[in-house]
Amino acid sequence: MNPKSKFVFAILAATLAVGAAHAQQPIIIKFSHVVAVGTPKGKGAEQFKKLAEERAKGRVKVEVYPNSSLFKDGEEMEALQMGSVQMLAPSLAKFGPLGAREFEVFDLPYMFDSVAELHKVTAGPVGAMLFKKLESKGIMGLAYWDNGFKLMSANKPIRVPADYKGLKMRIQSSKVLGDQFKALGAIPQVMAFSEVYQAMQTGVVDGSENTPSNIYTQKHHEVQKYIAETNHGYIGYAVIVNKKFWDGLPADVRIVLDGAMKDATKYANEIAQSENDDALEAIRKSGKSEVLKLTAEQKAAMRKALFSVHKENEARVGKDTIAEVYKATGFKP
Ligand code: LMR
């Protein structure tokens, strides 16, 4: 081989080697979330990882970062838009600051009596409209995941609206949730989920609201004396991806990931109720916090005090969106 063809040959070999190495590099999906692994969302994320990696046969690697280990709530949305993380599952209460205020319809107190009612909304036109809203923000919605109904917690017994007067209550970043506590005479404080335990322990807040699975896995019941079975609102999630990243995936990989998400969604939504039931049972058994059952009268008093929040937020959330949700669930204002 003369020196010139030797040189051409070497270049060719090097190009092929780089190409082969490149072809073997899996596509990395960083999936960040703020809750513990042993929760409906935590388990759903692990299931998606398992199914996606199995089915993509080495072409995809899903790195799940639970417990705010990559980003806290409040930081993760921007990180997704910047492309520092590819997948998230923020609670529906976390979309207001993004300018997608209609998501706060899910935060309206006593809007849903059951998960079945809620699914009528997420699987219907409102669910689709909300995902459409995200596209102009560089975000694509893939699925809705359940957690469950919220309980109130505090260091004093909380049964009726008057019990909440003056309490500092941690909330997620939703104006509707702020108004909910104001309607009870409490003082809402927006705070990242990862900071709640310490804030309770040190008295920075007096209480909060969350699902049993979140309360139990974050050990809130160890620093709260009372947990009231109010079931006054719902926490669920939108699994979202960076749109540019998703659109840029090879079509066959995207099909595999869509299928894995569909099946992980089914799994996550099937286990959500029992995960929360088990967590509530574990809280009761721990004896660290007293679980209060509300009487029919106490429940009615809470409902009555909180209904004003619907009207108050009509302009923000959208009268039409609220009306559509009422229609889908059969809610009688
Ligand atoms: C919270 O911030 O209280 C929860 O919504 C966290 C979560 O993702 O469930």
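In this report, the structure presented in the accompanying data block is examined. Nothing here was measured: the structure is a model prediction, and the numbers come from that model.

**As for the overall build of the chain**
Here is step 1 of the chain: The helix and strand inventory of the chain stands at 14 helices and 11 strands.
Here is step 2 of the chain: The burial tally for the chain puts 51% of its 333 residues in the buried class.
Here is step 3 of the chain: Pairs at least 24 apart in sequence give 76% of the contacts found in the chain among residues at least 6 apart.
Here is step 4 of the chain: Just so you have it, the chain exposes about 15,200 Å², and 56% of that area is on carbon and sulfur atoms.

**Thoughts on the site of the ligand**
Here is step 1 of the chain: For the ligand, the set of nearby residues contains 13 residues, the closest of which are Lys41, Lys94, Arg170, Asn210 and Tyr237.
Here is step 2 of the chain: Contact distances for the ligand include 2.6 Å between an oxygen atom and a side-chain N or O atom of arginine 170.
Here is step 3 of the chain: Within the contact set of the ligand, an oxygen atom lies 2.5 Å away from a side-chain nitrogen or oxygen of tyrosine 237.
Here is step 4 of the chain: In the complex, the protein chains occlude 99% of the 270 Å² of accessible area that the ligand would expose alone.
Here is step 5 of the chain: More than half of the atoms of the ligand fall within 2 Å of the grid points belonging to the largest cavity.
Here is step 6 of the chain: Taken together, the residues of the shell around the ligand sort by class into 5 nonpolar, 4 polar and 4 charged.

**Topic: the side chain of aspartate 179**
Here is step 1 of the chain: As for its placement among the helices and strands, aspartate 179 is situated in helix H6 (residues 175-183).
Here is step 2 of the chain: When its relative accessible area of 5% is taken as the criterion, aspartate 179 is described as buried.
Here is step 3 of the chain: Apart from residues lying up to four places away in sequence, aspartate 179 is in contact with Val309, Glu312 and Asn313.

**Observations concerning helix H10 (residues 251-286)**
The periodicity of an α-helix, 3.6 residues per turn, causes residues three or four places apart in sequence to face the same way.
Here is step 1 of the chain: The end-to-end C-alpha distance of H10 is 49 Å, a good match for the 52 Å that 36 residues give at a rise of 1.5 Å each.
Here is step 2 of the chain: The largest bend in H10 is about 35 degrees, located at alanine 272.

**Looking at the layout of surface pockets**
Here is step 1 of the chain: One number sums up the size of the largest pocket: a volume of about 280 Å³.
Here is step 2 of the chain: Secondary structure elements with two or more residues in the lining of the largest pocket: helix H4 (115-122), strand E4 (139-149), strand E10 (234-242) and H10.
Here is step 3 of the chain: Taken together, the residues that form the lining of the largest pocket break down as 11 nonpolar, 5 polar and 3 charged.

**What about the packing of H4 against helix H14 (residues 319-329)?**
Here is step 1 of the chain: At a minimum axis separation of 9 Å, H4 and H14 run at an interaxial angle of 130 degrees. Taken together, the axes of H4 and H14 lie oblique to each other. Relative to H14, H4 is oriented so that their crossing is right-handed. Between H4 and H14, the contacting residues are Glu117, Lys120 and Val121 on the first element and Val325, Ala328 and Thr329 on the second.

**Some words on the pairing of strand E2 (residues 60-65)**
Here is step 1 of the chain: Bridge count between strand E1 (residues 27-32) and E2: 6 bridges; the pairing is parallel. Residue pairing across strands places phenylalanine 31 opposite valine 64, the latter belonging to E2.

**Here we look at empty space enclosed by the protein**
Here is step 1 of the chain: Counted according to the given criterion, the structure contains 2 cavities of 30 Å³ or more.
Here is step 2 of the chain: Of the pockets and cavities examined, the largest cavity occupies roughly 80 Å³.
Here is step 3 of the chain: Every residue lining the largest cavity is listed: Val34, Val35, Lys41, Ser91, Lys94, Arg170, Gln172, Phe193, Asn210, Asn214, Ile235 and Tyr237.
Here is step 4 of the chain: Partitioned by chemical class, the residues of the lining of the largest cavity number 5 nonpolar, 4 polar and 3 charged.
Here is step 5 of the chain: The computed volume of the second largest cavity comes to approximately 40 Å³.

**What to know about the sheet that holds strand E3 (residues 87-88)**
Here is step 1 of the chain: Pairing is mixed in the open sheet, where 5 strands are placed in the order E2-E1-E3-E10-E4. Edge strands, defined here as strands with exactly one partner in the open sheet, are E2 and E4.
Here is step 2 of the chain: Sheet contacts for helix H2 (residues 40-56): E1, E2, E3, E4 and E10; angle to E2, the most-contacted strand, approximately 165 degrees.
Here is step 3 of the chain: In the packing of helix H5 (residues 125-135) onto the sheet, the strands contacted are E4 and E10, and the crossing angle to E4 comes to about 135 degrees.

**With respect to the side chain of asparagine 147**
Here is step 1 of the chain: Structurally, asparagine 147 is set in strand E4.
Here is step 2 of the chain: At 3.1 Å, the side chain of asparagine 147 forms a polar contact with the side chain of threonine 211.
Here is step 3 of the chain: For asparagine 147, the side chain forms a polar contact with the side chain of serine 213, separated by 3.2 Å.
Here is step 4 of the chain: Once residues lying within four places of it in the same chain are set aside, the contact partners of asparagine 147 are Pro40, Thr211, Ser213, Asn214, Tyr234, Ile235, Gly236, Tyr237, Ala272 and Asn276.

Reading guide: rules and limits
Residues numbered from 1 in each chain as written. Predicted model: local features only at pLDDT ≥ 70, side-chain atom pairs only at ≥ 80, totals over all residues. Heavy atoms only, no water. Helix = DSSP H or I, 4+ residues; strand = E, 2+ residues; numbered from the N terminus. Buried < 20%, exposed > 50% of the residue type's maximum accessible area, 1.4 Å probe, protein only. Contact = heavy atoms within 4.5 Å. Areas by Shrake-Rupley, 256 points an atom, 1.4 Å probe, with all protein chains shown as cover. Near = heavy atom within 4 Å. Polar contact = N/O pair within 3.5 Å; in protein donor to acceptor, adjacent residues only side chain to side chain. 1 Å grid on protein atoms, 1.4 Å probe; cavity = no way out; pocket = protein on both sides within 12 Å on 5 of 7 lines; lining within 4 Å. Sits in = over half its atoms within 2 Å of the grid points. Nonpolar A, V, L, I, M, F, W, Y, C, P; charged D, E, K, R; others polar. Expected span 1.5 Å × (residues − 1). Bend = angle between axes of the 7 residues up to and from the residue. Points joined across faces, edges and corners; volume = space filled by probe spheres on them. Axes fitted to C-alpha atoms, helices over the stretch in contact; angles between N-to-C directions. Parallel < 35°, antiparallel > 145°, perpendicular 65-115°, else oblique. Left-handed = near helix turned anticlockwise from the far one by under 90°. Pairing = 2+ DSSP bridges.

Scope: geometric values only; no functional claims are made or implied.
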